[in-house]
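# Coordinate analysis (summary)
What follows is the residue order along each chain.
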Amino acid sequence: MDASKSRNPKTNREISPPKGRLGVLLPGIGAVASTLIAGVSLVKKGLGEPIGSLTQMQKIRLGKRTNPRAVPIKDFVPLANLNDLVFGGWDITPENAYETACNSGVLTENVLSDVRQELESVKPWPGVFEHAYVRKLNGTHVKTGDTKMALAEALIKDIEQFLKTNDLERAVMVWCGSTEVYSEPGPVHETVKAFEQGLRDNAEEIPPSMIYAYAAIKCGVPYANGAPNLSVDCPALIELADHLHVPVTGKDFKTGQTLMKTIIAPGLKARMLGLDGWFSTNLIGNKDGEVLDDEGSFKSKEVSKSNVLEGILQPEHYPELYGDIYHKVRIQYYPPRGDAKEGWDNIDISGWLGQPMQIKVNFLCRDSILAAPIVLDLILFMDLAKRAGMSGIQEWLSFYFKSPMALPTLKPENDLFIQHLKLTNTLRLLMGEELLNHSGLDYYENELV
Ligand SMILES: NC(=O)c1ccc[n+]([C@@H]2O[C@H](COP(=O)([O-])OP(=O)(O)OC[C@H]3O[C@@H](n4cnc5c(N)ncnc54)[C@H](O)[C@@H]3O)[C@@H](O)[C@H]2O)c1
């Protein structure tokens, strides 16, 4: 398949080619964002491998098993090249991405020295911040404005200036800012009209992450939310995204413990093994951990992490196996651990005749190392979605999230393997290739072979 062609004759779908460079706008230049920028710069110099990134490493199977082809995703769909990414962003403290990368300690200064210049060139613009939404942080590098609408306009100005200075026609925004306190959509989030009035009236129900999402959508920039707070996941912003033909997605990058949960739980369910309880706890010592030490921000994370089991196990269909699960998630802030998180899971399961068994998982993971390739894939796939004319909620990117966005009439899909098939089949669909269903009967019942 020639990825440079703009119209696919098999689908009659037009995908504009990734011409020119792509702007990457990051609200929150912290551990994840600086690890992403460092990683992309190192990979470009041939000094690192983009491990964990589907867009850079995965091959997609095309065609029948009798004549299979394994094509790198980046050659199959027309994605932007790493050399064409230009980074910019906001933070509420003024450190450049190099200083932040050194402070967060994810990569050693020795590794960072090879890309110091690239990181130093990313100097955050003052952020839009409200202490009530992230109570553990104090912003020293923030915008001021009489109304939230004025702040949104200031963000729009930053975006326009960034595009102009770098001679860019396209950009994608990924929220890598701190987790805001838990909230639920209310009347001000119901329609675009109510939301814009709320911006003008300084409605306290509108957090900073929603102001960034609004600014991105107004500029036609796809928006992905890496944190568990609502941000773009409210009717008003989804309506605006649909109306302006902008792709949006979220919430909460699926990195360590929840990744494991969505790998193990589908296996238990497939084998019809029962589950009595799942106790998950984390020790984490980075700035994210400190923010989550506040009960309001933790509640956002707790809700995001807690919903995955129910979605996968479907207790409504299997009350005898999954009708009474004790599921508990804790996050303990423990500074000595830094970004190297330790996740503990105790899983109480049951088998034949209800006999009990246990599984213990001790995942010593590196949070930002797992998150950076997710951000990279989201940047490239969201840009692809925009060029392919897709808009509104991008459910096919659920693979990357703990709490995937979906239409209110649909239950979000949390099973990692179904999410993966959803993603790869969407790529096949976009390029006019046969979808994979894995039934395999056709090899035996038809005379195909
Ligand atoms: N690392 C992971 O594995 C992982 C997984 C899932 C979700 N997340 C989420 O991703 C986000 C980033 O994680 P991190 O480890 O980089 O955290 P971090 O604390 O290192 O970085 C967040 C940055 O956002 C900045 N910030 C806060 N509010 C802001 C605002 N209104 N505008 C601009 N900047 C703002 C902070 O100053 C900080 O520099 C967090 O919300 C986290 O919960 C991370």
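Cut-offs and rules
Residues numbered from 1 in each chain as written. Predicted model: local features only at pLDDT ≥ 70, side-chain atom pairs only at ≥ 80, totals over all residues. Axes fitted to C-alpha atoms, helices over the stretch in contact; angles between N-to-C directions. Helix = DSSP H or I, 4+ residues; strand = E, 2+ residues; numbered from the N terminus. Parallel < 35°, antiparallel > 145°, perpendicular 65-115°, else oblique. Left-handed = near helix turned anticlockwise from the far one by under 90°. Contact = placed C-beta atoms within 7 Å. Nonpolar A, V, L, I, M, F, W, Y, C, P; charged D, E, K, R; others polar. Pairing = 2+ DSSP bridges. Near = placed C-beta within 6 Å. Domains from an automatic or database assignment. pLDDT = per-residue confidence, 0-100. Buried ≥ 20, exposed ≤ 12 C-beta atoms within 10 Å, placed from the backbone.

## Re the packing of helix 9 (residues 208–218) against helix 10 (residues 235–243)
Contact geometry of helix 9 with helix 10 gives a least axis separation of 10 Å together with a crossing angle of 10°. One finds that helix 9 runs roughly parallel with respect to helix 10. Note that helix 9 runs across helix 10; the crossing there is left-handed. Contacts from M210, A213, Y214 and I217 in helix 9 reach L237, L240 and A241 in helix 10. Residues of the contact of helix 9 with helix 10, tallied by class, amount to seven nonpolar, no polar and no charged.

## Thoughts on the sheet that holds strand 13 (residues 340–350)
Taken in spatial order, the four strands of this open sheet run 12-11-13-14, and their pairing is mixed. Of all strands in the sheet, those bounded by a partner on one side alone are strand 12 (326–333) and strand 14 (356–366). Direction aside, neighbouring strands of the sheet carry axes that sit 10° apart on average. Across eleven bridges, strand 13 lies against strand 14 in antiparallel orientation. Residue pairing in the sheet places S350 in a bridge with P356 of strand 14. Most of the contacts of helix 13 (residues 295–313) go to strand 12, to which it runs at about 150°, and overall it touches strand 11 (274–284) and strand 12. The sheet contacts of helix 15 (residues 367–387) involve strand 11, strand 13 and strand 14, and relative to strand 14 the element is tilted by about 80°.

## Some thoughts on the site of the ligand
In the vicinity of the ligand lie 34 residues, with G28, G30, G127, A227 and K287 positioned nearest. Mapped by element, the contributors of at least two residues to the shell around the ligand are helix 1 (31–44), strand 6 (85–91), helix 12 (287–292) and helix 15. For the shell around the ligand, the element with the highest residue contribution is helix 15, accounting for four residues. Taken together, the residues that form the shell around the ligand break down as 17 nonpolar, twelve polar and five charged. Counting contributing residues per domain, the shell around the ligand is built from domain 1 (7–253 + 369–430) and domain 2 (257–366), each supplying no fewer than three.

## A look at the domain arrangement of the protein chain
Considered domain by domain, the protein chain is made up of domain 1 (7–253 + 369–430) and domain 2 (257–366). For domain 1 and domain 2, the distance between their C-alpha centres works out to 26 Å. Facing the 28 residues of domain 1 at the interface are 28 residues of domain 2. Within the residue set of the side of domain 1 that touches domain 2, elements represented by two or more residues are helix 15 and helix 16 (416–430).

## Quick notes on the confidence of the model for the protein chain
Chain-level pLDDT for the protein chain is 93 on average; 97% of the residues reach the 70-or-more range. Residue range residues 1–5 is modelled with pLDDT below 50. Its contacts to residues more than four positions away, or to other chains, number eight contacts.

## Notes on the environment of I379
Examined against the element boundaries, I379 turns out to sit in helix 15. Exposure remark for I379: the 28 C-beta atoms within 10 Å place this residue in the buried category. Distance in space between the C-alpha atoms of I379 and P222 is 8.8 Å, their sequence separation being 157 residues. Ignoring anything within four residues of it in the chain, the contact list for I379 reads V24, V172 and V174.

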